[in-house]
Structure formats: structure tokens, C-alpha cells
Amino acid sequence: MLSNIGSVLILCILSLSILIIYNSYVDIKIKNQFIKKSIYNLSLFQTTATVMSFFTLVVGFIFSDFSMVNVYENSHFDKPLFYKIAGTWGNHEGSLLLWINILVLFSYLFLIFNYKHDKKFRLYTLIFQNFLIIGFVIFLLLNSNPFSLIYPTPSEGLGLNPILQDPALAIHPPLLYVGFVGCSIYFSAAIASILSEYNGKQFALSIKSWVQVSWVFQTLGIIVGSIWAYYELGWGGFWFWDPVENASLLPWFAISALMHSVMVLEKRNTLYEWVIILCLLTFILSVAGTFLVRSGILNSVHTFASDPSRGLYILIFLSLMIFTSLIIFFKKRKKETYNFNPNSKETFILANNWFMIFFLVTVLIGTLYPIFLDVLTNIKVSVGPPFYNIVIIPFIIPFLLFMAIGPQISWINSKKNYLLKTMYILVVALVINFFLFYFFGSYGFYSNLILIVATFLILHSIIDVKKSLKKKFEYPRIISHLGFGFLVFFIGVNYQHSVETDFNLKVGETKKLNNYEIFFENIKIEKNKNYNSVIGDFKIINLKKNYVQQLNPEIRIYAQPETLTYEAAIKSRVNSDLYLTMSNVSRSDFYNIKFQNKPFMIWIWISAFMIALGGIIQLILKKDEN
């Protein structure tokens, strides 16, 4: 029953998209009030059908309707309700339906909230957005239907991948998808802008809020995913340069560049072509990341749905998107000439953009190089932190300097002299760095420079808070830049002063290392609703500071599907995290123990959330302004 309802609703979405495209095109050619009203109604019906289709799938998971293949493969009776609901998007088919939901919702909301803008521009946006919707709905129907039936109906399901049964990962995909799929609306708007010749400041205003919304959600999605990987996968770090992590980072660089460029287009009515390119690039990178994750060509713990046929469809669809958008862009483009004063805000924003594009290209090369090398030479390599550290770190230094100085510069031609103030702040940053060096010990040349410029950005942002007490619209930028400065600073300190070691230990044994003594007291077995646990009881003694901490890492045994997971025990404090994992050594009484002391981990997460908070406040202030 639920399967039939869901399938009918999917067909309704497809039919309504075709009708919206037809009516929008007719309305562009002939001004007809009846057609205009029908477009609004069709969009409302389409949104309703889309949300109902997703709700139907959620109901199927809640009530364990194993007649549907998707529910059978990703759920079971004993799974907690929260993970039954999260299981809806914890698989390829369900996540694709969520993707379509966000496409449709953004399409409808753009039509409603952008009513002040040119009608032709809005209708062209609607047309291209619905072409995207049709493409993904056909993909869903051809080989990714979440409502496919299985005969005979099984009495029990296979269960959800245990590493996905986690609160952070339950909310990670929806956050990331709003960021990813939200890019589609300004992809469509960019093409519409070219065709309708609706450009300049008005175009910037039409997409500004949508860019900010997608940037905020994608930032939050990346942060939550990073936190999940930190405590769930047992790696013990904040970023691993995993190919799928990189796939989510690529569009973030493009959105960040776009968000700043839109400001120039709004204030100075220039960089229009560059804004169009970034609008197109952002969604293309989002779809490219989806292709990499779902095609099976990436080797990562994060990948799923390794189906070459699905990958081929996305690749064809991606190619059509790229060629169509480029043909329209080059056919209709009107070449711009930029003549910026070097001492102007727009010059600094453009420099910020080029840094972002450099980081994007670096990560793209690091992600795709192993794939091409494997295809061409059958040699398998992995590109890890050493590559990114060597290439990116030297450019982080001038990037942070530009972030600090750029907001102080005026538009068009800044006549103020910030050199003296900049020198004072730089001297204070050097003094702070000297004290860090004195109290915490030596570190490398680049690390030293990174900490100095991060401190420089932090001090600049703090001073800006006092300056901007009466300029509330400066708060978002100050908070985000301050958060970024703190993020780089705490990452630098964490990188230099982390303690990490692996060793084998039996119950009752003690291991001494550095200033710590680790005593393996006991193990116990616990039965939970959908897994059993082997829990280690460890006493961590800090010999230098004379305090004791109890940590209890777990080995979880899931029955459906049969899986072992290793859960880290983490004690978060203001100044550091104690991190411990254990895994059984086959056919012995020994357990492999991984112990880490990670300085300022909690501040890394707080700093990252500060970056997103700036965007959230910007949206709130924008609403008040309107």
C-alpha cells in the first residue's frame, strides 16, 4: 500500500515538473494572468506531493514495512525509533528522495520569496530548476526507486550499517544536502539571469540570501560530519583528507568565494560574470561530489551505493549540466572589464576569491589524481595530509593577512592609512607567539607563522567588535572571521602538541608513557537493544599533574547486520581531550590500545560553529532589514 502511494506521488512530481516548465515558457511568451496563477498552484501541488512521498517512506521505516526493498535492506524491528527515521536517508535511494525534496522546496520558496524581482527571470529560474528535478526523478525511477517491492515479504530486515547509527550522522546528511542541493537554485538563477538579461545589483540581491542559506547549512553539515568521524571512526583527528570529506569541501570553497563576490556585485555592480561562473561551479561541484560518492570509484569509509550504472547516469547528467550551462554562458556573455584600485575592498575580496579557488583546485587534484593514476597505470596511491600540508599551509599565511586587513579597507579607493595600526597589532601577535613558544616549547617555521597570522586575525576581529558596536551588520563578518582565526590557531596548537601512541595490553597490566600511566583494570559485557558491548575499564593517571581519569572504550557487536564497531572513550576538558580506543587482537588475551591527548579539541569545534554562527546572524539581520 505505502509502496503504491509513494510511486504514484513520484510520478505526480514528474508530471507537475513538465507542466510547470510548459506553463512558465508560455507565460514568458504571452502575459496571461490565469497561467501565472496556475504556475503558483502547480508549484504548490508539486511541493505537497514531494513532501508526502518522503513522509510515506518515513512511515514505511517507522512501521517496518519490509515489503519495500529499501526498508528491508536498511532497517529491522529492534532498531530504535530515532534510527528507523534516520534510516530513511541513510541509504542511496532514501537520500536521493531527500535530494529531490530539497530541490522542489527551494524551487517553490524561490518563486514565493523573490516575487519583487523580474517575472521573466523568476520563470526562467523555475524552468531550469524543474529540468534538474526531472533529471533526478528519472534517475530515481530508473534504478533508485525507494518504493520498489520485494516478493515474498521478509519477516525481518537486514538492519542499518552500525556506524551510521549515531545521532551526529543522523542529522549530518540533511544539513549537508540542504547546502549541496541549495546550490541548485542559484545555478538555475544564473542561467535565468543570462537569458533574461537580469543582472547587476538586482541579480545579486535575488540570490544573496540563498547563497548564505546554503553556505550555513553546508558549513554545519561538514562540522557535524567531522565531529562524528572524530569519535566514531577511532581516528582521533578533526580532518583526515578522506576523498569523501574532500568532496564536501570542494563546493564549500566555491560557495565561500561566491558569498564574497556577490557583495561586490551588489555594492559596485561589477564581477557579474565571475559571480555567474561561481554559481554554476558550486552546483556542478556538488553533483560531481555526489557522482564520486555513489559511483564506487572512491575508496572511503563514507561511500555507499557503489553501483557503476548509477555513477554513469550521474556522470551523463553532470556532463549535460556543464555543457548546457557553458553554451548559454558563452553564447550570451558580454565581456566585462575590471579596473579596481589596488587599495580597495573589492580588490581584497577578489584576492580572497583567488585563494579560495587555489584551495579548491589543490583539493580537487589531491582527490582525483589517485583515480586517474589508477585508471591509466593501474597503480594505486593515496594522497594524504603531507601533500595538503605542503601545498596549502604556505598560502594560509597571506590568506589570513588578507582576511584581517580587507574589512578595514573602503570601497572604490581607501584613503585611510591602516599601516600603523596593522604594525601595532602585528607586534602584539608576535609577543603573544613568543610567550607560546616560551611556555609550550618549540615548533616548526610554518607552524610559527601560522600561529602569528592567526593571532593577528583574532586581534583584528576583537578590535573590530569595539568599532562596530553601532554597526550591527558588521557582526556576522566579525564573528565568522574571528571563528576562522580561532580555528586555525587551535588547529596549529593541536597539531604541534598532540600525543598519540599505540600499544598492546592485557587486563591487569599497566603502560607508562610520557607523563601518563594507563592501567587496564577490567572488561565487562553488556546487552543492549540492538547490540552487545565489550566495555574496557581503564584508569588514566597523569603523573605530572597528579589526577586520575576513568575511560571506558567499547567494542560493539551488532547482530543485524553482523558487524563489529570500536567506540572511542573521550573525556573532553577545556584544555584537552583524552582519547582512548581498544580493539581485540585475534586469538590472544591482548587488546590493541590507541591513546591520544588532543589539546584544545573542544575549541576547534566551537571555532567552527562560530564560523557558521556568523552566517546565521547575517540571515537574521537580513530578515530584520527587510
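Small disclaimer: the values here were computed from a predicted structure and weren't measured.

Conventions adopted
Residues numbered from 1 in each chain as written. Predicted model: local features only at pLDDT ≥ 70, side-chain atom pairs only at ≥ 80, totals over all residues. Heavy atoms only, no water. Core = buried A, V, L, I, M, F, W, Y, C linked by side-chain atoms within 4.5 Å. Buried < 20%, exposed > 50% of the residue type's maximum accessible area, 1.4 Å probe, protein only. Helix = DSSP H or I, 4+ residues; strand = E, 2+ residues; numbered from the N terminus. Contact = heavy atoms within 4.5 Å. Phe/Tyr/Trp six-rings, centres within 6.5 Å; stacked < 30°, edge-to-face > 60°. Pairing = 2+ DSSP bridges. Axes fitted to C-alpha atoms, helices over the stretch in contact; angles between N-to-C directions. Patch = residues over 30% accessible without salt bridge, like charges linked within 9 Å, V, L, I, M, F, W, Y side chains within 5 Å. Areas by Shrake-Rupley, 256 points an atom, 1.4 Å probe, with all protein chains shown as cover. Salt bridge = Lys/Arg side-chain N within 4 Å of Asp/Glu carboxyl O. Lys, Arg positive; Asp, Glu negative; His and termini not counted. Charge placed at Lys NZ, Arg CZ, Asp CG, Glu CD. Left-handed = near helix turned anticlockwise from the far one by under 90°. Nonpolar A, V, L, I, M, F, W, Y, C, P; charged D, E, K, R; others polar. Disulfide = S-S within 2.5 Å. Expected span 1.5 Å × (residues − 1). Polar contact = N/O pair within 3.5 Å; in protein donor to acceptor, adjacent residues only side chain to side chain.

## Considerations on the nonpolar core
Consideration 1: In terms of nonpolar packing, the biggest core is built from 166 residues, with Trp 99, Phe 136, Tyr 186, Phe 203, Ile 207, Phe 283 and Leu 400 touching the most fellow members.
Consideration 2: When residues of this core are assigned to their parent elements, the largest contribution, 18 residues, is made by helix α7 (residues 167-196).
Consideration 3: Among residues more than four places away in sequence, those in contact with Leu 400 are Ile 450, Val 453, Ala 454, Leu 457, Phe 484 and Val 488.
Consideration 4: Leu 505, Tyr 516, Ile 540 and Ala 569 belong to the second-largest nonpolar core, a separate cluster that totals 18 residues.

## Section: the packing of aromatic side chains
Consideration 1: As enumerated under the stated definition, the model contains 42 aromatic pairs in all.
Consideration 2: Plain terms: the ring middles of Phe 520 and Tyr 591 are 5.7 Å apart, the flat faces sit at 80° to each other, and that makes the pair edge-to-face. Note that Phe 520 is positioned in strand β3 (residues 516-527) and Tyr 591 in strand β10 (residues 591-599), a separation of 71 residues in sequence.
Consideration 3: By relative accessible area, which is 0% here, Phe 520 ends up buried.
Consideration 4: Ring-pair connections join several aromatic residues into one group, and the members of that group are Trp 215, Trp 252, Phe 253, Phe 348, Phe 355, Phe 358, Phe 359, Phe 395, Phe 399, Phe 402 and Phe 484.

## Thoughts on the sheet that holds strand β8 (residues 569-572)
Working definition: the strands of a sheet are paired by backbone hydrogen bonds and lie parallel or antiparallel to each other.
Consideration 1: The strand order across the open sheet built from 4 strands is β1-β10-β9-β8, with neighbouring strands paired in antiparallel fashion. Among the strands making up the open sheet, the edge pair consists of β1 (499-505) and β8. With direction set aside, neighbouring strand axes in the sheet form an average angle of 10°.
Consideration 2: Judged from the 7 bridges that link them, β1 and β10 form a sheet pairing that is antiparallel. Bridge pairing links Asp 502 to Lys 594 in β10.

## Section: a positive patch on the surface
Consideration 1: A surface patch of like charges, here positive, comprises Lys 29, Lys 120, Lys 331 and Lys 332.
Consideration 2: One can find Lys 332 in helix α11 (residues 308-332).

## Let's talk about the side chain of Thr 270
Consideration 1: Tracing the sequence through the fold places Thr 270 in the loop between α9 (243-268) and α10 (272-295).
Consideration 2: Note on Thr 270: relative accessible area 10%, which makes it buried.
Consideration 3: In this view, Thr 270 contacts Val 264, Leu 265, Glu 336, Tyr 338 and Phe 340; residues no more than four positions away in its chain are not counted.

## Here's the deal with the packing of helix α13 (residues 385-405) against helix α16 (residues 475-497)
Consideration 1: Where α13 meets α16, the closest approach of the two axes is 12 Å, and the angle between their N-to-C directions is 145°. The handedness of the crossing between α13 and α16 comes out as left-handed. The segment α13 lies against α16, with Asn 389, Ile 396, Phe 399, Leu 400 and Met 403 engaging His 481, Phe 484, Val 488 and Tyr 495.
Consideration 2: Split into classes, the residues belonging to the contact of α13 with α16 amount to 7 nonpolar, 2 polar and no charged.

## So, the state of the cysteines
Consideration 1: Evaluation of the coordinates by the stated rule reveals 0 disulfides.
Consideration 2: Of the cysteine sulfurs around Cys 183, a residue in no disulfide, the closest is that of Cys 279, at 9.4 Å.

## With respect to unusual backbone geometry
Consideration 1: For the peptide bond that leads from Tyr 151 to Pro 152, omega is -15°, which places it in the cis range.
Consideration 2: Residue position: Pro 152 is located in the loop between α6 (119-143) and α7.
Consideration 3: Phi is positive for Ser 64, which is not a glycine, with a value near 50°.
Consideration 4: Relative to the helices and strands, Ser 64 resides in the loop between α2 (33-62) and α3 (69-74).
Consideration 5: The exposure class assigned to Ser 64 is buried, which follows from its relative accessible area of 6%.
Consideration 6: Backbone geometry places Phe 600, a non-glycine residue, at a positive phi of 60°.
Consideration 7: Locating Phe 600 in the fold gives a position in the loop between β10 and α17 (601-625).

## Quick look at α9
Consideration 1: Over its 26 residues, α9 runs 38 Å from end to end, which matches the ideal 38 Å to within 8%, given 1.5 Å per residue.
Consideration 2: Most of α9 is tucked away, with 22 of its 26 residues classed as buried.
Consideration 3: A distance of 3.0 Å separates the backbone nitrogen of Val 244 from a side-chain oxygen at the start of α9, and that oxygen is part of Asp 242.

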